Amino acid sequence: MNANNILKKYFGYDSFRKGQEEIITKIVEKNDTLAIMPTGGGKSICYQISSLMLDGITIVISPLISLMKDQVDSINENGIKAYYINSSLDNFEIQDILNEANMGNVKILYIAPERLKSNEFISQIKNLNISQIAIDEAHCVSQWGHDFRPSYTDIRNFIDIINSNPVVSAFTATATKEVKEDIVKILKLKNPKVYSFGFDRENLSIEVLKGINKKNYILDYVKNNKDKSGIIYCATRKEVESISEILNSNHYDVTKYHGGLNNLERQTNQEDFVYDRKSIMVATNAFGMGIDKPDIRYIIHNNLPSNIEAYYQEIGRAGRDNLDSECILLYDSKDIVLQKYLIESSISNPLRQEDQFKKLKFMNEFVHSVDCYKKYILDYFGQDDFTKCNNCSNCNEDYEVIDRTMDAKKVLSCIYRMKKPYGVNMIIDVLRGSKNKKVFDFNLEKLSTYNIMNDYSKEDLKEFINILLSLKYLEQTNSKFPTVFLNQISIDILKGNMEVLIKQKLKKEIVLEENNSLLDILKGIRMEVARENKVPPYMIFSDISLKDMSIKLPVDEAEFLEINGVGEQKLQKYKDKFLPVINKYIEDNEIDCSFKDEMKIKNIKTTNPKKEKKSDGKKQKAFEFYLNELKTKDFYSVIEEYQIQERTLFNHIFTYFKEYGEIDFDIDFKDLYTDEEQSLILDVIDKIGFEKLRPIKEELEKLNYDIEYPKIQAVIAKEFYIKKK
Ligand code: ADP
Ligand code: MG
Ligand code: ZN
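Residues numbered from 1 in each chain as written. Chains lettered and ligands numbered in written order. Predicted model: local features only at pLDDT ≥ 70, side-chain atom pairs only at ≥ 80, totals over all residues. Heavy atoms only, no water.

## Some thoughts on the packing of aromatic side chains
Here comes step 1: Going through the model one piece at a time under the given rule, you end up with 26 aromatic pairs.
Here comes step 2: Between phenylalanine 362 and tyrosine 380, the aromatic rings sit 5.4 Å apart at their centres with planes inclined by 70°, giving edge-to-face as the arrangement. Of this pair, phenylalanine 362 sits in helix H14 (residues 350-367) while tyrosine 380 sits in helix H15 (residues 373-380); the two residues are 18 residues apart in sequence, bridging distant segments of the chain. Neither residue differs from the other here; phenylalanine 362 and tyrosine 380 are each classed as buried.
Here comes step 3: Between phenylalanine 541 and tyrosine 574, the aromatic rings sit 5.5 Å apart at their centres with planes inclined by 70°, giving edge-to-face as the arrangement. Residue phenylalanine 541 is found in the loop between helix H23 (537-540) and helix H24 (543-552), and its partner tyrosine 574 is found in helix H26 (residues 568-588); the two are separated by 33 residues along the sequence. By the burial criterion, phenylalanine 541 is buried, and tyrosine 574 matches it. (Phe/Tyr/Trp six-rings, centres within 6.5 Å; stacked < 30°, edge-to-face > 60°. Helix = DSSP H or I, 4+ residues; strand = E, 2+ residues; numbered from the N terminus. Buried < 20%, exposed > 50% of the residue type's maximum accessible area, 1.4 Å probe, protein only.)

Structure, rendered in structure tokens:
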């Protein structure tokens with residue numbers, strides 16, 4: 001039977017996926033083969049179908065005992081005679097299987113690599129007619145991989161002992177050069193044919209989110225994706241515990257997996273997830289190898305993974321059925337520190353440590369990339385013909401291209417002047433004119449570049465330098481505390497031979513006001529609670545917390561957690577005191593809470609972003625963006641299109657005026673006020689000026705006119721800010 005017929009007959013599939021047929025053909029020709037295919041690409045079928053085309057037995061070496069049973073059950077279902085031998089079987093069971101093998105009744109035999117240490121076992125099978133040794137997850141053989149398994153290094157010795165001269169096929173999803181070379185070398189593949197197939201998984205979308213409240217995001221996400229299966233990866237056991245606990249207490253079907261659980265727990269939890277008894281798996285990177293659940297719809301990374309290989313393998317677990325699936329990475333710069341700590345505490349060999357720091361550096365570049373995220377990954381794996389995926393948050397969102405050559409020159413010349421190698425934080429300190437003792441110790445305050453970027457926040461400057469690093473306009477060493485150095489491109493920029501054009505997401509500015517009457521109510525509650533508990537009120541909540549509540553108006557647990565000073569503990573203790581009051585206040589005063597969505601949606605999607613505004617090295621601010629929109633659209637269409645509030649848009653108009661003086665184009669407020677209202681407002685303004693809104697409103701009220709704020713704001717804008725033609 002040929003490969004196509006086998007595919008149909010045993011697996012029920014109509015056509016091969018990319019690469020499968022060639023790989024099978026090569027193996028059947030008895031040519032050693034290394035196949036690199038993305039996770040979910042369909043590697044198993046390659047050795048399974050070739051096993052049916054060769055006579056004799058195929059031995060599959062696979063690292064995870066827990067998964068062998070599933071794999072074997074599923075191919076038995078397909079009518080292929082397969083067995084596994086691992087420590088879950090007793091000697092009698094193993095003996096039975098070997099007898100079957102001797103009688104020619106076994107096609108595929110899965111074994112764990114540890115088994116290869118047993119001379120007794122080897123002597124029992126070395127005379128079988130073994131035609132293929134398939135090594136799954138072959139990167140486990142390499143120290144440079146991310147799942148090194150010492151017993152994988154025994155494989156070659158085992159192959160040499162077998163009398164029937166089997167063909168060797170190796171499979172992995174890891175494609176870095178070192179790992180590839182190691183596989184060929186350590187497994188001693190003979191004249192191997194190496195296949196490396198397009199690494200893109202088109203059905204996976206990639207999104208990287210920075211600066212958000214991770215827990216709230218996750219709660220929100222699972223709420224909106226209730227019936228879907230997904231994995232939430234965390235860097236530490238502690239974090240796994242905490243996130244699974246939060247989801248659990250919010251009544252989601254969640255389970256967990258990490259190295260601190262015992263075997264039974266791990267197995268049970270894994271099965272709960274695979275068999276859809278629990279839809280959410282919260283896990284460390286210990287979870288997932290070999291999991292072939294086809295319908296995992298999302299992977300959320302709560303922390304930055306330690307390297308691109310691990311990241312791509314982890315997100316690769318989504319969407320094996322080729323249906324659209326989402327991969328979301330929640331980035332926080334603290335994760336870099338955490339990863340460094342993990343590398344230091346888990347790896348002792350200095351060379352391997354350095355290698356891991358280098359890999360972490362690439363991961364950092366990845367999250368700061370302003371180009372297609374997939375392109376970054378595929379480039380990393382050596383597939384350089386890929387341009388754009390149109391399926392990641394860098395491809396899909398609207399950008400403004402901003403000329404930041406001046407900023408780049410400031411940063412680069414500062415590094416140049418600092419002479420000795422320093423890390424990013426030190427450079428930021430100098431640029432922002434920090435009074436940090438270290439700066440003075442090294443006399444860096446004397447440099448002409450000291451304090452030349454003091455108009456930037458630390459975070460913004462860090463982000464900018466990270467972008468330069470990611471674009472390779474600047475470089476960093478591969479150490480735990482990397483130092484930054486200039487390269488040829490940096491020099492070109494400094495000499496003025498190259499511009500630095502950077503894509504920048506359009507951001508909304510959110511203007512929120514505190515609400516004094518609610519604040520008073522909240523203070524009252526705080527006093528009550530403080531008396532009950534016999535503690536001073538500030539120990540319940542600080543003024544800052546109360547103010548924040550009066551601004552953000554939290555109505556449920558997730559929103560309450562967003563409040564400055566509200567942690568798990570205070571949430572549980574005080575939510576029942578404060579949340580009902582806030583809810584009632586919102587109802588009583590019919591407050592429009594749509595601004596909350598604005599807080600959540602950080603990036604504006606525009607269908608047709610106008611890019612005519614000159615960019616003079618500064619980023620375009622939200623108010624500029626909106627003013628641009630107002631050139632062609634009336635006030636209320638802009639409000640509708642971007643779902644913002646009236647007062648927000650007025651604030652943008654006022655900010656623009658303050659920043660640029662007169663507005664030299666008309667804004668269409670479309671009958672926001674009547675002629676009569678206009679003259680009433682103007683009369684009052686004549687008397688008391690237009691600097692403050694509230695007195696104007698109160699003055700009008702004294703005259704018995706109730707005129708809403710937007711009308712007053714519109715009249716002011718029209719009469720005083722917009723240049724009369
Ligand atoms: P991996 O490369 O990660 O080991 P698997 O071998 O587990 O991937 O295959 C992933 C999924 O794709 C499995 O559910 C498998 O049955 C399915 N699959 C493999 N090849 C094909 C094909 N040619 N057509 C349809 N589905 C396939
Ligand atoms: Mg596999
Ligand atoms: Zn993309």
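## Some remarks on the pairing of strand E4 (residues 108-111)
Here comes step 1: Residues Ile108 and Tyr110 of E4 are buried on one face, and the alternating residues Leu109 and Ile111, pointing to the opposite face, are buried as well.
Here comes step 2: Note: strand E2 (residues 57-61) against E4, four bridges, orientation parallel. Bridging across to E4, valine 60 finds its partner in tyrosine 110.
Here comes step 3: Two elements, strand E3 (residues 82-85) and E4, share four bridges in a ladder whose sense is parallel. In the sheet register, isoleucine 85 faces E4, and the bridge partner there is isoleucine 111.
Here comes step 4: One crossover worth recording links E3 to the parallel E4 by way of helix H5 (residues 91-102), and it is right-handed. (Pairing = 2+ DSSP bridges. Right-handed = clockwise from strand over helix to strand, strands pointing away.)

## Some thoughts on the coordination of the zinc ion (ligand 3)
Here comes step 1: All of the protein donors around the zinc ion (ligand 3) are Cys372 (SG), Cys389 (SG), Cys392 (SG) and Cys395 (SG); their distances to the metal are 2.3 to 2.4 Å.
Here comes step 2: Relative to the metal, the four donor atoms surrounding the zinc ion (ligand 3) lie at angles of 101 to 121°, and the coordination shape comes out tetrahedral.
Here comes step 3: On the accessibility criterion, cysteine 392 (1% relative accessible area) is buried. (Donors = N, O, S within 2.8 Å, 3.2 Å for Na, K, Ca; no water. Tetrahedral: all angles 85-135°; square planar, octahedral: opposite > 155°, others 65-115°.)

## What about the domain arrangement of the chain?
Here comes step 1: Taken domain by domain, the chain comprises domain 1 (3-196), domain 2 (204-396), domain 3 (402-505), domain 4 (517-595) and domain 5 (614-724).
Here comes step 2: The C-alpha-based centres of domain 1 and domain 4 are spaced at 60 Å. (Domains from an automatic or database assignment.)

## A short note on helix H12 (residues 308-315)
Here comes step 1: Buried residues dominate H12, accounting for eight of its eight residues.
Here comes step 2: Among the residues of H12, Ile308, Glu309, Ala310, Tyr311, Tyr312, Gln313, Glu314 and Ile315 are the ones counted as buried.
Here comes step 3: Buried residues in H12 make contact with strand E8 (204-210), strand E9 (229-233), strand E12 (296-301), strand E13 (325-331), H14 and H15.
Here comes step 4: A side-chain oxygen of the first residue of H12 lies 3.3 Å from the backbone nitrogen of glutamate 309; this N-cap is asparagine 307. (Contact = heavy atoms within 4.5 Å. Polar contact = N/O pair within 3.5 Å; in protein donor to acceptor, adjacent residues only side chain to side chain.)

## A word on the site of ligand 1
Here comes step 1: With respect to spatial proximity, 15 residues lie near ligand 1, and among them Tyr13, Gly40, Lys43, Ser44 and Arg320 are the closest.
Here comes step 2: Within the contact set of ligand 1, a nitrogen atom lies 2.9 Å away from a side-chain nitrogen or oxygen of glutamine 20.
Here comes step 3: Protein coverage of the free-state accessible area of ligand 1, which is 570 Å², stands at 83%.
Here comes step 4: Grouping the amino acids of the shell around ligand 1 by side-chain chemistry returns four nonpolar, seven polar and four charged. (Near = heavy atom within 4 Å. Areas by Shrake-Rupley, 256 points an atom, 1.4 Å probe, with all protein chains shown as cover. Nonpolar A, V, L, I, M, F, W, Y, C, P; charged D, E, K, R; others polar.)

## Here we look at the pairing of E13
Walk down a regular strand and you will see the side chains alternate between the two sheet faces.
Here comes step 1: Where burial is concerned, most of E13 is hidden: six out of the seven residues are buried.
Here comes step 2: Relative to E13, E8 runs parallel, the two being bridged by seven bridges. Across the sheet, the residue bridging to leucine 204 is serine 325, located in E13.
Here comes step 3: Pairing analysis gives four bridges linking E12 to E13, with the strands arranged parallel. Note that in E13 the partner of isoleucine 299 across the bridge is cysteine 327.
Here comes step 4: Chirality of the crossover, the property in question, places the unit of E12, H12 and E13 among those that are right-handed.

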